[in-house]
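# Survey of secondary and tertiary structure
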Amino acid sequence: MPNIIYKDVIKKFEGKEIVTALKGVSFEIKQGELFCLLGPSGCGKTTLLRISAGLETLTSGKIFYGEKDITSIPPFRRNIGMVFQSFALYPHMNVFENVAYGLRVRKKPENIIKKKVTEIMELVGLPDVLRRNPSPTALSGGQQQRIAIARALVYDPEILLLDEPLASLDAKLRRYMRSEIRRIQKATNITTIYVTHDQEEAMAIGDRLAVMNVGLAEQIGSSDQIYQNPINMFVANFIGKMNFFSGAIKEVKGDNYNIQLGYNQKVLDLSIKLSPDKKKYISKGKNIILGSRPEKLIISSNQEGGLLPGRIQIIQHLGKVVRYEIRPQWDSVSKLIEVDRDEKLPEAKEGDMVYINFDKTDTLLFSEKGKV
Amino acid sequence: MIINTIKEFILRELKKDYTPYLILSLPMLFLIIFLVWPLGSSIGKAFILRGQELSFDNISFANFQRFFTSSMYQRSLRNSFLISFSVVFFTLIIGVPMGYFVARVEMPFKKLILSLGILPIITPAFVGAFSWVILLGKQGIVRHLINVVLGLVGLSLPPIYGLFGIIFTMTLTYLPFVFLLSHGAFQSANPLLEESAMIMGASQNRILRTITMPLVLPSLGAASILVFIRAMGNFGIPAILGGNQYVLPTLIYFRVNGFWDLNGAAAISIISVIIVIIAITIQKKVISAREYETISTASSEHKLNKSPLVKTIAIVYCSLILLVSLAPQITIIVMSFFKQWIGFLPEGFTLENYQIIPQIASKAIRNSLFLAITASLLTALFGTLVAYITERRRPKGGIFIDFAVMTPFVLPGIVVSVALLTTFSSGAIAISGTFLILMISFVIRRTPYVFRSVAASLTQLDVALEESSTITGANWYYTFRKVTFPLILPGIIAGTILTFSTLLQELSTTILLYSARTKTMPIQIYNAVADGNFGIASSLSVLLLVTVFIVVYLMNLFLGETASSSFKLG
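Residues numbered from 1 in each chain as written. Chains lettered and ligands numbered in written order. Predicted model: local features only at pLDDT ≥ 70, side-chain atom pairs only at ≥ 80, totals over all residues.

### Re the overall build of chain A
- Looking only at helices and strands, one finds 10 helices and 20 strands in chain A.
- With respect to the principal axes defined by its C-alpha atoms, chain A has extents near 80 × 45 × 40 Å.
- Considering only contacts in chain A between residues 6 or more positions apart, those separated by 24 or more positions represent 66%. (Helix = DSSP H or I, 4+ residues; strand = E, 2+ residues; numbered from the N terminus. Contact = placed C-beta atoms within 7 Å.)

Have a look at this one:
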């Protein structure tokens, strides 16, 4: 199984006006890795996948499968497998013929075809379907999904591409199928690209992921790395939720930062470790943005120790956590602040005032332009 | 270094898949030679006098000046206008209520009404014309009966010849377009919209006026233009019923047949095409401003009107229209078994009209079948390829191809013949009087049918199906053979059958292009009518009708919905 290398991939769509879907993407997907392309619609993730498949040509740049430059090789010579969002099963063929399609294209003998199809159907967990061998249109969404995967894997492609494969399934089936996909991928150890706009799905399934935005790969890493250390405000808010507050640096002492909040001039001390290259962004007098995950903010009903006042707008009981949506009382246009607590705050009802404080060791700093 | 680059380039090019380019360039070539060139050259000839060379020095407007100087030209133009607009008006007045009743009122035999409704479309228009001569001619039985009633108040119905007869027959012939399209629109208009108006307190009349009619208006516009184009281009009906009243198609025929003046015919063709283009433009302007996107996807079934009064009106109305529409078919069946039908009842029962067919018409039947079958197959191939190119390849000049293919759809058949005759009666490709020129005219004229049908199948076909085949490792040809073709096959068949059944009855193109050797059945029927030989004309028409009916019935059996819906556009 080869790795995949993108070198400065640029894609422009020429229509009435030129749309640049990819603005120079370079990264590597490792051998046998399940790699997620994640981003909002229009970020270029599907374009990058279709370029990897050869269904779109690129304007400039290069793509390698291992040592091989496949930039101008047409899709039917690339030896890849792909699962489409609509599954794209052939309605005029039965399940067996659907799965066997790639083997027939490769002119394999009948006994090999039979053996391989049976094996792959077992791998995707549908060995019994072959007995009745119905038309795929008669099957459930989950079964169709598995057949689409079986069809893409049966001829041992070098690379597997998945284009929002779970988007057309309902929520419960989606959770189940994503662990199935991961199981099948690990069993075959095939280098896989998985496109999704659902950050939870990407974090759950991917070995690593690339967060894409407006034609660029903003950050690449494991889901944990990206969640803990988002490179900028976009990534921070796309991978999980993040609350932002403006402020300015008053003093820097080693890893200790003395920060004045932008709204009420109150001061807080943070003690966080920043890598040297990030540290150079931070200096005395600079305006910065504080970022805090909902579970890292602290709220209390009494004013003591609280820095920012807010009014509880809605209390949502989400099972594991209780979510408070708080209307800031320092700035009339600010977004609602989200705070998650393991337990309910006693005595606080919707409409009550609460006071927000920060986690001294677990708050992120962003420069005003958005980067750390 | 340079050699390496070249080598790399050649290797890369060799790896590409060139089959599509080779296969797909053939239709372009055909279109250019047999459509663009003839149309272009006949436009040129229109500005040159008969017998002169095509050059700048010879340019003249004399062919067009006749529209200002000749009263025959002026009358033809006026007649064409008058007839086309009246036919559109009457088909709308009669067809829309029928569409509404069948779609929205609870009544029996709806399926039957819908399938009988398409009968006039698959009946050759000129058959309708001469059967009305039998019924409403000077001695026609129906005319006599009506005159007995009208005579009481001192009125009398004129014989069917002339403008009245042309408008009457064309209205009945083209009524199905309005009926079927408005029925479809009334049925598919989202009932939730009407229900929400009802909940807000609107009366039935108000809903009909402010919700329902605006929603079906685009379909009515489409139906009107379809009827207008056909009424403008119909040759058979005015040829049989017109007498000394000419319309543009018969005027063209007169120019060519009487004077072999192709240049003059080209000029008249241009005028009639311009009228059609203006009509389409106006329709587009008016309708596109009133076309609505469906906002919600939720929908429910229409509640049918069950009031006894409305039901009775609907049933009586639909039966009356059906009876009148089916009168021609019944008449020719009766007529085909008799020697003559002058006065109240047909006289002289005989089977001779049928017995004589092998003797006098076997060549025409053979020609018709041969031409219709081969031309349909060619059209299927051609239309499918062109639809595939414009839908899937989306080449840079795609709009041009789309336009070129659809042009013959709005061109009167006789105009296509004039274009082909001006270009191919002499010169590099001299094929006038051969089967080939007929075949070409058929393919050119009917490609829109297959094209539309296949294009519709292709738009419904998820591109991912073909992409996934490519990804799997199949080249273009393999993908087309195994995935695309089987899935668009119903669309191809529907378009081809429609083509076949209309080609069997084709008269307006054939009338200028046939020769003694290539005479077809419709030509023979037309000649029999012209000779007053109604018995034989009827037996041949019955044969034609039965053939078409069987083919269409078989297609309906195998394809179901796809088939009947394709007739709405045909």
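### Notes on the overall build of chain B
- When helices and strands are tallied, chain B shows 26 helices and two strands.
- Relative to the globule expectation of 25 Å for 570 residues, the C-alpha radius of gyration of chain B, 26 Å, shows essentially globular dimensions.
- Considering only C-alpha atoms, chain B reaches an extent of 105 × 70 × 50 Å along its principal axes.
- Looking at chain B as a whole, 45% of its 570 residues are labelled buried.
- Within chain B, residue pairs in contact and separated by at least 24 positions form 79% of the contacts whose partners lie at least 6 positions apart. (Rg over C-alpha atoms; globule rule 2.2 N^0.38 Å. Buried ≥ 20, exposed ≤ 12 C-beta atoms within 10 Å, placed from the backbone.)

### Description of the nonpolar core
- Phe126, Ala129, Phe130, Val227, Ile252 and Val418 of chain B are the most contacted members of the largest nonpolar core, which has 142 residues in total.
- For Ala129 of chain B, the residues in contact, after removing those within four places along its chain, are Thr169, Gly236, Ile237, Ile240 and Leu241 of chain B.
- Of all hydrophobic cores here, the second largest spans 94 residues; its members include Val83, Tyr90, Ala152 and Leu364 of chain A. (Core = buried A, V, L, I, M, F, W, Y, C linked by C-beta atoms within 7 Å.)

### Details of the sheet that holds strand S20 (residues 364-367) of chain A
Residue and element names in this part refer to chain A.
- With respect to topology, five strands assemble into an open sheet ordered S13-S12-S11-S14-S20, the strand pairing being antiparallel. Looking at which strands have only one partner, the edges of the open sheet turn out to be strand S13 (267-271) and S20. Strand-to-strand twist in this sheet, taken as the mean axis angle between neighbours without regard to direction, amounts to 45 degrees. (Pairing = 2+ DSSP bridges. Axes fitted to C-alpha atoms, helices over the stretch in contact; angles between N-to-C directions.)

### Some thoughts on the interface of chain B and chain A
- Taken together, the contact pairs 19 residues of chain B with 20 residues of chain A.
- At the level of secondary structure, the elements contributing two or more residues to the side of chain B that touches chain A comprise helix H1 (2-15), helix H21 (463-472) and helix H22 (476-503) of chain B.
- It is H21 of chain B that contributes the most residues to the side of chain B that touches chain A, seven residues altogether.
- For the side of chain B that touches chain A, the residue count by class is eight nonpolar, five polar and six charged. (Nonpolar A, V, L, I, M, F, W, Y, C, P; charged D, E, K, R; others polar.)

### Quick word on the domain arrangement of chain A
Residue and element names in this part refer to chain A.
- On domain assignment, one finds that chain A holds domain 1 (4-237) and domain 2 (241-367).
- Computed from C-alpha coordinates alone, the two centres of domain 1 and domain 2 are separated by 39 Å.
- The partner domain 2 presents seven residues to the four residues of domain 1 that form the contact. (Domains from an automatic or database assignment.)

### Regarding the sheet that holds strand S2 (residues 18-29) of chain A
Residues and elements named next belong to chain A.
- Reading across from one edge, S2-S1-S4-S5 is the order of the four strands in this open sheet, with antiparallel pairing throughout. Single-partner strands in this sheet number two, and they are S2 and strand S5 (68-69).
- Bridge count between strand S1 (residues 4-14) and strand S4 (residues 60-65): five bridges; the pairing is antiparallel. Looking across to S4, one finds that Lys7 is bridged to Lys62.

### Focus: the packing of helix H24 (residues 521-530) of chain B against helix H25 (residues 534-559) of chain B
All names here are of chain B.
- Packing of H24 against H25 leaves a shortest axis separation of 8 Å and a crossing angle of 155 degrees. On the basis of the axis angle, H24 is roughly antiparallel to H25. In the packing of H24 onto H25, the handedness of the crossing is left-handed. Here Met521, Gln524, Ile525, Ala528 and Val529 of H24 lie close against H25, whose contacting residues are Phe534, Ile536, Ala537, Leu540, Ser541 and Leu544.
- The residue makeup of the contact of H24 with H25, split by class, is nine nonpolar, two polar and no charged. (Parallel < 35°, antiparallel > 145°, perpendicular 65-115°, else oblique. Left-handed = near helix turned anticlockwise from the far one by under 90°.)

### Points about the environment of Ala239 of chain B
- One can find Ala239 of chain B in helix H12 (residues 236-241).
- For the pair Ala239 of chain B and Arg50 of chain B, spaced 189 residues apart in sequence, the C-alpha separation works out to 25 Å.

### Some thoughts on unusual backbone geometry
Residue and element names in this part refer to chain A.
- The backbone of Phe87 shows a phi angle near 70 degrees, a positive value even though the residue is not glycine.
- Positionally, Phe87 belongs in the loop between strand S6 (80-83) and helix H2 (95-105).
- The residue Asn133 is not glycine, and still its phi comes out positive at about 50 degrees.
- Using a count of 10 C-beta atoms within 10 Å as the deciding quantity, one classes Asn133 as exposed.

### Description of the confidence of the model for chain B
Residues and elements named next belong to chain B.
- Mean pLDDT over chain B stands at 84; residues scoring 70 or higher make up 93%.
- Across chain B, element-level confidence peaks in helix H4 (residues 71-104) with a mean pLDDT of 93 and bottoms out in helix H26 (residues 561-569) with 49.
- Across the interfaces of the predicted complex, the ipTM metric reaches 0.80, alongside a pTM of 0.80. (pLDDT = per-residue confidence, 0-100.)

### Remarks on the pairing of strand S16 (residues 308-317) of chain A
All names here are of chain A.
- Examined bridge by bridge, S16 and strand S19 (residues 353-357) share four bridges and lie antiparallel to one another. Bridged to Leu308 within S19 is Ile356.
- Note: S16 against strand S17 (residues 322-328), seven bridges, orientation antiparallel. Paired with Ile312 across the two strands is Ile326, which belongs to S17.
- Counting the residues in the hairpin turn of S16 and S17 gives four residues, including Gly319, whose phi is positive at 95 degrees.

### Here we look at helix H7 (residues 125-136) of chain B
All names here are of chain B.
- Taking 1.5 Å per residue as the helical rise, H7 with its 12 residues ought to reach 16 Å, and the 16 Å between its terminal C-alpha atoms agrees with that figure.
- Counting buried positions over the 12 residues of H7 gives 11, a clear majority of the element.
- Three or more residues of H7 are buried, namely Ala125, Phe126, Val127, Gly128, Ala129, Phe130, Ser131, Trp132, Val133, Ile134 and Leu136. (Expected span 1.5 Å × (residues − 1).)

### So, the pairing of strand S10 (residues 216-221) of chain A
Residues and elements named next belong to chain A.
- With five bridges connecting them, strand S9 (residues 208-213) and S10 associate as antiparallel partners. Note on S10: the bridge partner recorded for Ala210 is Ile220.
- Connecting the antiparallel pair S9 and S10 is a turn made up of two residues, with Val214 showing a positive phi of about 35 degrees.

### Looking at the environment of Asn229 of chain A
- Looking at the element boundaries, Asn229 of chain A is found in the loop between helix H8 (223-228) and helix H9 (233-238).
- In this structure the C-alpha to C-alpha distance between Asn229 of chain A and Pro157 of chain A, which are 72 residues apart in sequence, comes to 35 Å.

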